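A look at the structure
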Amino acid sequence: MDRLTLRRPDDWHLHLRDGEMLRAVTPETARHFGRAIIMPNLVPPVVRGAEAAAYRDRILAAIPESADFKPLMTLYLTEDTDPADLVAAHRDGIITAVKLYPAGATTNSASGVRNFDKVRPVLEAMAEAGIPLCTHGEVVDSHVDIFDREAVFIDTVLDPLRRNTPGLRVVMEHITTSQGVDYARSGGEDLGATITTHHLVINRNAILVGGIKPHYYCLPVAKREEHRLALREAATSGDACFFLGTDSAPHLDHLKENACGCAGCFTATNTMSILAEVFEQDGALDKLEGFASLNGPRFYRLPPNESQIVLEKGAPVDYPAHIDTVEGPVTVFDPMMPLHWRVVE
Ligand code: NCD
Ligand code: ZN
């Protein structure tokens, strides 16, 4: 098989930033994707419906005329979030979901949640209105090893939170462990999990062997090989609870190649070529459409995209090593293998 036609894919976890960065990276996603869940971790974060509407308009202004792309907005959950504002933003079609960051877990998460009791009324209002909660699933306790933070989050935060809030629809964002895979599978209709492109390709050696490689550093940090293999099995299994959320997270190169480098891999440019390579390696090209184009809309109760994309297999694909922004370059994720599938239409 050397030609693959898919419903246009969606990206269920994406960072577009703002200003010059937004203008530079939005076309990279809008080229292949129909929709994306837009992360709200700007500085300051997007916390009220009116802020999400204004951010949506700045994104719309950065989409090329030729593109067929719709941003799906989120609000950043804080301990001060007003349930009425949030529910109204959802009812009015401004937001699609709400993002939970444990305070301090990742880039721009300082305004996130410390005390989960404080957000209980919001979570209850969300369960009632059917608004999905997207979770950054890592605890931040200093005594918990960074490689264990996802598994501990599932046991000590996520599972109790779901038990305490029946009916709450939850997405485990960017799972990186076999524990994440197992928990997502056990959760029923109200639980989904996104998997990034890069976590299907790298394990923690990519970051640490042969010198420290900041462009492979992201959060949650890549784990052992056995976990990468569990993610590959999940993504290529066809199970409806797993869908693509690239977590493409651009940072200027000088802020990643730094004594305190930022977390995030920028994969918007070559994600579809990488995914086709990965699914082909695992003999699962027939499952790619489910993962990238069907399972996500199903969870979010949206129709799949009407339009299609076509990939063709051939000589190794050329893609830029970095994209330029007015403020400097952003390195494109290097999957450390040749890619043979190119999006042709
Ligand atoms: C993201 C970012 O840069 O905003 N970074 C990352 O490593 N994934 C934040 C996040 O999703 O954790
Ligand atoms: Zn993210």
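Structure first, text after, so check above.
Overview of the structure. (Residues numbered from 1 in each chain as written. Chains lettered and ligands numbered in written order. Predicted model: local features only at pLDDT ≥ 70, side-chain atom pairs only at ≥ 80, totals over all residues. Heavy atoms only, no water.)

Here we look at the overall build of the chain
The cut-off we apply is this: Strands here are runs of E lasting at least two residues and helices are runs of H or I lasting at least four, both read from the DSSP assignment and numbered beginning at the N terminus. With the radius of gyration taken over C-alpha atoms, the globule rule is written as 2.2 Å times the number of residues to the power 0.38. The cut-offs for exposure are 20% and 50% of the maximum accessible area for each residue type, with area from a 1.4 Å probe on protein chains only; residues under the lower value are buried, those over the upper are exposed, and the others partly exposed. Whether two residues are in contact is decided by their heavy atoms, any of which lying within 4.5 Å being enough. The protein chains shown are the only cover counted for residues, whose accessible areas, like all others here, come from Shrake-Rupley with a 1.4 Å probe.
A tally of regular secondary structure across the chain gives 11 helices and 13 strands. At 19 Å, the chain has a C-alpha radius of gyration in line with the 20 Å of a compact globule built from 345 residues. Structurally, the chain occupies a C-alpha span of about 55 × 45 × 40 Å along its principal axes. The buried share of the chain, taken over its 345 residues, is 58%. Taking the intrachain contacts of the chain between residues at least 6 apart in sequence as the baseline, contacts between residues at least 24 apart amount to 74%. For the chain, the accessible surface area stands at approximately 13,800 Å², while carbon and sulfur atoms represent 50% of it.

A few points about the pairing of strand β12 (residues 328-331)
Stated formally: A pair of strands is treated as paired once DSSP finds two or more bridges between them.
Across 4 bridges, strand β11 (residues 322-325) lies against β12 in antiparallel orientation. Across the sheet, residue His322 finds its bridge partner in β12, namely Thr331. Counting the residues that bridge the hairpin from β11 to β12 gives 2 residues.

What to know about the packing of aromatic side chains
Rule in force here: Note on ring pairs: Phe, Tyr and Trp rings are taken, using the six-membered ring of Trp, and paired if centres are within 6.5 Å. Classes follow the plane angle, with under 30 degrees stacked, over 60 edge-to-face and the rest tilted. The criterion for a charge sitting over a ring is simple: Lys NZ or Arg CZ within 6 Å of the ring centre, and within 35 degrees of the ring normal.
The full count for this structure, using the stated rule, is 8 aromatic pairs. Each ring, one from Phe243 and one from Tyr300, has its centre 6.3 Å from the other, and the planes form 70°; the classification is edge-to-face. On the criterion of sequence distance, the pair formed by Phe243 in strand β9 (residues 242-244) and Tyr300 in helix α11 (residues 288-300) is long-range, its members being 57 residues apart. Take Phe243 and Tyr300: they sit in the same class, and that class is buried. What links up through ring pairs into an aromatic cluster is the set Trp12, Phe243, Phe299 and Tyr300. Above the face of the Phe299 ring, Arg169 is positioned so that its terminal group lies 4.2 Å from the ring centre. One Lys or Arg, Arg204, reaches over the ring of Phe147 and ends 4.5 Å from the middle of that ring.

A word on the pattern of salt bridges
How we decide: The salt bridge criterion pairs a side-chain nitrogen of Lys or Arg with a carboxyl oxygen of Asp or Glu, the two atoms within 4 Å.
Scanning the entire structure with this criterion turns up 20 salt bridges. Between Arg23 and Glu20 there is a salt bridge whose closest N-O contact spans 3.5 Å. On the criterion of helical spacing, the pair formed by Arg23 and Glu20 is a turn pair, its members being 3 residues apart in helix α1 (residues 19-30). With relative accessibility at 29%, the residue Glu20 sits in the partly exposed group. With its nearest N and O atoms 2.9 Å apart, the salt bridge here joins Glu28 to Arg31. On the accessibility criterion, Glu28 (9% relative accessible area) is buried. With relative accessibility at 45%, the residue Arg31 sits in the partly exposed group. The structure contains a network of salt bridges with shared partners spanning Arg3, Glu312 and Glu345.

Some remarks on the site of ligand 1
Just so we agree on the cut-off: Here, proximity means that at least one heavy atom of the residue falls within 4 Å of the molecule or strand. Think of a polar contact as two N or O atoms within 3.5 Å of one another; within protein, one of them needs to be a possible hydrogen donor and the other a possible acceptor, and neighboring residues in sequence only count if both atoms come from side chains. Each residue is assigned to one class: nonpolar for Ala, Val, Leu, Ile, Met, Phe, Trp, Tyr, Cys and Pro, charged for Asp, Glu, Lys and Arg, and polar for all the others, Gly among them.
In the region of ligand 1, 15 residues are neighbours, and Arg17, Thr106, Leu219, Asp247 and His251 sit closest. Here an oxygen atom of ligand 1 sits 2.8 Å away from a polar atom, N or O, in the side chain of Arg17. At a separation of 3.3 Å, an oxygen atom of ligand 1 approaches a polar side-chain atom of His136. Grouping the constituent residues of the shell around ligand 1 by class yields 4 nonpolar, 9 polar and 2 charged.

Considerations on α1
Rules: Helix span, expected: 1.5 Å multiplied by one less than the number of residues in the helix.
For α1, spanning 12 residues, the distance from its first C-alpha to its last is 17 Å, which sits close to the expected 16 Å at 1.5 Å a residue. Inspection of α1 places Met21, Leu22, Ala24, Val25, Thr26, Glu28, Thr29 and Ala30 among the buried residues, and these make up the whole buried set. On the buried face of α1, the contacting elements are β2 (11-14), α2 (49-60), β11 and β12.

So, the side chain of Thr165
By secondary structure assignment, the location of Thr165 is in the loop between α5 (149-164) and β7 (170-172). Sequence-distant contacts of Thr165, that is, excluding residues within four places in its chain, are made with Arg120, Leu123, Glu124 and Ala127.

A look at the packing of helix α10 (residues 271-281) against α11
Definition in use: Structural elements are reduced to axes, namely lines fitted to C-alpha atoms, with helices fitted over the stretch in contact, and the angle between N-to-C directions of any two is expressed from 0 to 180 degrees. We call two directions roughly parallel when the angle between them is under 35 degrees, roughly antiparallel when it is over 145, roughly perpendicular when it lies between 65 and 115, and oblique otherwise.
It is at 9 Å that the axes of α10 and α11 come closest, and there the two elements cross at 140°. One finds that α10 runs oblique with respect to α11. Between α10 and α11, the contacting residues are Met272, Leu275, Ala276 and Phe279 on the first element and Leu288, Phe291 and Ala292 on the second.

Quick notes on the environment of Pro250
Checked against the element boundaries, Pro250 lands in the loop between β9 and α9 (253-256). Residues Pro250 and Glu189 lie 61 residues apart in sequence; the distance between their C-alpha atoms is 32 Å. Apart from residues no more than four positions distant in its own chain, Pro250 is found in contact with His15, Arg17, Met21, Val25, Phe266 and Val330.

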